[in-house]
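Examining the three-dimensional arrangement
Spelled out, the chains give:
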Amino acid sequence: QVQLVESGGGLVQAGGSLRLSCTASGRTFNSYAMGWFRQAPGKEREFVAAFSWSGRNTYYADSVKGRFTISRDNAKNTVYLLMNSLKPEDTAVYYCAADPFGLGNEDEREYDYWGQGTQVTVSS
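The following paragraphs examine the structure supplied in this document. (Residues numbered from 1 in each chain as written. Predicted model: local features only at pLDDT ≥ 70, side-chain atom pairs only at ≥ 80, totals over all residues. Heavy atoms only, no water.)

**Some thoughts on the state of the cysteines**
This structure, assessed with the given rule, holds 1 disulfide. Through a disulfide, Cys22 is tied to Cys96; the S-S separation comes to 1.9 Å. Across the disulfide from Cys22 to Cys96, rotation about the S-S bond amounts to roughly 50°, and the bridge is consequently right-handed. Note that Cys22 is positioned in strand 3 (residues 18-24) and Cys96 in strand 9 (residues 92-100), a separation of 74 residues in sequence. (Disulfide = S-S within 2.5 Å. Helix = DSSP H or I, 4+ residues; strand = E, 2+ residues; numbered from the N terminus.)

**What about unusual backbone geometry?**
The phi torsion at Asn77 lies on the positive side, around 55°, for a residue other than glycine. Positionally, Asn77 belongs in the loop between strand 7 (68-73) and strand 8 (78-83). You will see that Ser85, though not glycine, has its phi angle at about 50°, which is positive. Its place among the elements puts Ser85 in the loop between strand 8 and strand 9. A relative accessible area of 40% means that Ser85 is categorised as partly exposed. (Buried < 20%, exposed > 50% of the residue type's maximum accessible area, 1.4 Å probe, protein only.)

**A look at a nonpolar patch on the surface**
Taken together, the side chains of Trp53, Phe101 and Leu103 define a hydrophobic patch exposed on the protein surface, amounting to about 360 Å² of accessible area. Residue placement: Leu103 occurs in the loop between strand 9 and strand 10 (113-114). On the basis of relative accessibility, which here comes to 62%, the residue Leu103 falls in the exposed class. (Patch = residues over 30% accessible without salt bridge, like charges linked within 9 Å, V, L, I, M, F, W, Y side chains within 5 Å. Areas by Shrake-Rupley, 256 points an atom, 1.4 Å probe, with all protein chains shown as cover. Salt bridge = Lys/Arg side-chain N within 4 Å of Asp/Glu carboxyl O.)

Next comes the structure, spelled out in C-alpha cells:
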C-alpha cells in the first residue's frame, strides 16, 4: 500500500510559477512510475506528466510541454512538478499517482494509488 500526499498548490497570476510536491509512504518508491494528472471544473481528469518507474523516461502532455518539468527525489520519496509560464487554463485540481513498475502511462487506469489532490488557480 502506498499513500500519496500532494502539496504546493495555490493561487498565482498568469505567467507565474508553482512547484507541486507529492510525497509517498513506503520503502519501494523507486519501483513506481509516478504521474501527475489534473481535473478542471466540469472536465474529465487528464494526464499532465509522468516518469517511468526506472526514471529514465519522462512524458508530458502537449499542453504543458516546455512549461512544466517533472522530477523525482528517491531519497525523499518525493516527485515534483515545476510549473512555469502558468496560464488560466492550467487551473485545476492536480493529483499525483503511482503505478508499480509502470512505464509512465498517460492512461489513468494504469495507476493504482492516488493522492487527494491540490488546487492550482491561475488568475488572468
